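Remarks on the overall topology
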Amino acid sequence: MSVQPSTVESVLIENRVFPPNEALVRQANISGMAAYQALWKEAKNDYPAFWARLARENLVWTKPFTRTLDESNAPFFKWFEDGELNASANCLDKHMGTPVENKTAIIFEADDGAVTKVTYKELLARVSQFANALKARGVKKGDRVVIYMPMTVEGVVAMQACARIGAIHSVVFGGFSAKSLHERIVDAAAVAVITANYQLRGGKELPLKAIVDEAIETGGCESVKTVFVYQRTATTCNMVGGRDITFAEALAGQSTDCPPVPVSAEHPLFILYTSGSTGKPKGVQHSTGGYLMWSKLTMDWTFDIKPDDVFWCTADIGWVTGHSYITYGPLAAGVTEIVFEGVPTYPDAGRFWQMIERHKCSVFYTAPTAIRSLIKASEADAKVHPARSDLSSLRIIGSVGEPINPEAWMWYYRNVGGERCPIVDTWWQTETGGHMINPLPGVTPLVPGSCTLPLPGIMTEVVDETGQTVPQGAGGMLVVTKPWPSMIRTIWNDPERYKKAYFPEEFGGKIYLAGDGAVRSNGEATKGADRGYFRITGRIDDVLNVSGHRLGTMEVESALVAKTDLVAEAAVVARPDDLTGEAICAFVVLKRARPTGDEATKIAAELRNWVAKEIGPIAKPKDISFGDNLPKTRSGKIMRRLLRSIAKGEAITQDISTLENPQILEQFAQKL
Ligand code: WT7
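Residues numbered from 1 in each chain as written. Predicted model: local features only at pLDDT ≥ 70, side-chain atom pairs only at ≥ 80, totals over all residues. Heavy atoms only, no water.

**Here's the deal with the packing of aromatic side chains**
- Across all of its chains, the model carries 42 aromatic pairs by this definition.
- On the numbers, 4.9 Å between centres and 85° between planes, the contact of Phe-270 with Tyr-291 is edge-to-face. One end of the pair, Phe-270, is in strand S14 (residues 268-274); the other, Tyr-291, is in helix H10 (residues 289-301), and 21 residues separate them in sequence.
- Overall, the relative accessible area of 0% leaves Phe-270 in the buried class.
- For Tyr-291, a relative accessible area of 0% puts it in the buried group.
- When the ring of Tyr-502 is compared with that of Tyr-512, the centres are 5.5 Å apart and the planes differ by 15°; the resulting orientation is stacked. In this pair, Tyr-502 sits in helix H15 (residues 495-502) while Tyr-512 sits in strand S24 (residues 512-520), placing the two residues 10 residues apart along the sequence. (Phe/Tyr/Trp six-rings, centres within 6.5 Å; stacked < 30°, edge-to-face > 60°. Helix = DSSP H or I, 4+ residues; strand = E, 2+ residues; numbered from the N terminus. Buried < 20%, exposed > 50% of the residue type's maximum accessible area, 1.4 Å probe, protein only.)

Structure follows, in structure tokens:
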């Protein structure tokens, strides 16, 4: 990513401040501002010593580390490198012989409402047995395993089983297309794929195995020796002889005992592909030690986890939120967690609230996009309003994935949190591994729409294009000035891209550029109560955020132009959307005359389906408009600024004197 000046279009004036709930403060893991500042003092005093203490206290090491931070090959930082541990042992074995052993680890609620519970002891047995099944098929330490699974206990078991034997998992979200899956299998050179015959979502049975077959048949997947198939439904699926094996067959006769393989703290725990501003998705590589320590510790800090909490993160294991706050953090913390297979609107839009009541959920973590759609649904139908459910078990509620607008924040605070639960609005990324900037339940006065202050030890700043810190109240780029244990280690197969994308030369090659714009409050509106608070203003690169899902504009453009029989050129931008946060707008030039009327509608529908097939349904452009050409400068550069204005339906006020072909702006302005 190149360093560019960022503009903050509108800085919202927000003067509502909600002090922390006194009852929570008294018993909080970090109790009060003084405790928070003491941790900060410790971090600033001796940065490596601070992290070394936390890593020793929060992880079980089979070999203690002696070196904390190695910066000799920056920005390829290493943490706790000579220490050895196993991630699965830190989530499961650690609890054996303690009261957690017989505690419910997972309350699984299926799409159809069926509930099953698994204790820690049972989960350990299932993970071990599956790890033995992986070994029986030749999967070993360092091998990559692609997981393309529904939200089930088996998905968590598959990930933990890989970690147990030191295999590196790469989970691909079940909504991605065969093409996206293929790309990831090839890039990771996976030796095995773990999938299910079908997935159940909203009462529908959707194929998974058929998509795996299609991906592998595309070619170049010779590395894949085994496809493990979990029979989620009774429907049969195609099985390839010699390659495919059902879970039942693979587990038959396998012992429920499997010693965890100790690995170096720097051994990759997983690769997770995410979108960048250019080209193909990036395989974000995470470590075992630093990553795991942070997913566990942020459970204690951000969610203030207590032994009797029932934790629920509504994310999918296909995203980093599901990795850190379903598969690893909650289990390492020894908490009971809810795993939900279905969707928030089935059988009705009261499902989340009914589930909170049913399972006495105490800490609830979801995305603004879900909140906004449930606000809308409860306005249309009072029967699905949160007031219809008993939500008194809730202590803390969280938000993740995109900025939460103050209206949605207030609704969530009042109607779900009963004005007693703090909202922890957590800013972080696939690359950061865990939370970075967010309020702490027992510490931070809340301001709607602000993710407030960084966690102790996380050195965030807002800088201008020269790397200088900007004054409070001014917009700039969000950076992290020091390495932290759970940070991305590299991009799989592409260390150069890692350096270029995150550690720009302009800042000396050592400062992490997040790709988000941010502004720190000068405290004027709140009489100083929120001075220094961070507010995220959105991406400064060509990355889109649709319903909390991250996509590159270039990815969508490449998908469109891959329809070579139809599309000559395409440009994609985002516009704000009330429901999905951002919506994708595509400007398309066809290889034939510009379509109008019904023909345009028909071709737009065809292109949407095409993009769904190329990337996944989440990437479907909401708006598609056609022109004879794209707005370009005389040197041939696409003027995206103008397209952004058109997408928002704004009048063009920019200088268009350098525009080669002004007439086409009108063509594109005619919305379908
Ligand atoms: C991007 C990262 C965080 C894990 C899930 C998404 C945006 C994320 C917030 C928030 C404002 C947020 C940023 C970030 N984002 N959380 N609380 N407030 N923006 O991870 O897919 O890697 O996306 O999501 O733009 O860069 P991801």
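Don't stop here, the text continues.
**With respect to the confidence of the model for the protein chain**
- Across the protein chain, the average pLDDT comes to 95, with 98% of residues at or above 70.
- Overall, residues 1-11 carries pLDDT values under 50, and its contacts beyond four positions in sequence, including any with other chains, amount to 22 contacts. (pLDDT = per-residue confidence, 0-100. Contact = heavy atoms within 4.5 Å.)

**Some words on the sheet that holds strand S22 (residues 475-480)**
- Pairing within the open sheet is antiparallel, and its 4 strands lie in the order S21-S22-S24-S25. Of all strands in the sheet, those bounded by a partner on one side alone are strand S21 (460-463) and strand S25 (534-539). Between one strand axis and the next, the sheet turns through 45° on average, direction left out of account.
- Of the strand pairs in this sheet, S21 and S22 are connected by 4 bridges, and their pairing is antiparallel. The partner of Thr-460 across the bridge, within S22, is Val-480. (Pairing = 2+ DSSP bridges. Axes fitted to C-alpha atoms, helices over the stretch in contact; angles between N-to-C directions.)

**Regarding the nonpolar core**
- Core analysis: the biggest nonpolar cluster contains 170 residues, and Trp-51, Leu-123, Phe-130, Ile-185, Ile-194 and Val-588 have the highest contact counts within it.
- Here this core gets 9 residues from one element, more than from any other, and that element is helix H6 (residues 153-165).
- Apart from residues lying up to four places away in sequence, Val-588 is in contact with Leu-560, Val-567, Glu-569, Ala-570, Leu-607, Ile-624, Ser-625, Phe-626, Gly-627 and Phe-668.
- With 32 residues, the next largest nonpolar core counts Val-310, Phe-340, Tyr-413 and Val-416 among its residues. (Core = buried A, V, L, I, M, F, W, Y, C linked by side-chain atoms within 4.5 Å.)

**Focus: the environment of Gly-83**
- As for its placement among the helices and strands, Gly-83 is situated in the loop between strand S2 (78-79) and strand S3 (84-85).
- Separated by 221 residues in sequence, Gly-83 and Asp-304 place their C-alpha atoms 28 Å apart.
- Setting aside its immediate chain neighbours within four residues, Gly-83 contacts Trp-61, Lys-63, Pro-64, Phe-65, Val-263, Ser-264 and Ala-265.

**Observations regarding the site of the ligand**
- Residues in close proximity to the ligand total 17 residues, the closest being Thr-426, Thr-430, Asp-516, Arg-539 and Arg-550.
- With respect to the ligand, the side chain of Asn-545 contributes an N or O atom lying 3.5 Å from an oxygen atom.
- Considered on its own, the ligand offers 550 Å² of accessible surface; in the complex 95% of this is hidden by protein.
- Only helix H11 (320-333), strand S20 (423-426) and S25 provide two or more residues apiece to the shell around the ligand.
- The residue makeup of the shell around the ligand, split by class, is 6 nonpolar, 6 polar and 5 charged. (Near = heavy atom within 4 Å. Polar contact = N/O pair within 3.5 Å; in protein donor to acceptor, adjacent residues only side chain to side chain. Areas by Shrake-Rupley, 256 points an atom, 1.4 Å probe, with all protein chains shown as cover. Nonpolar A, V, L, I, M, F, W, Y, C, P; charged D, E, K, R; others polar.)

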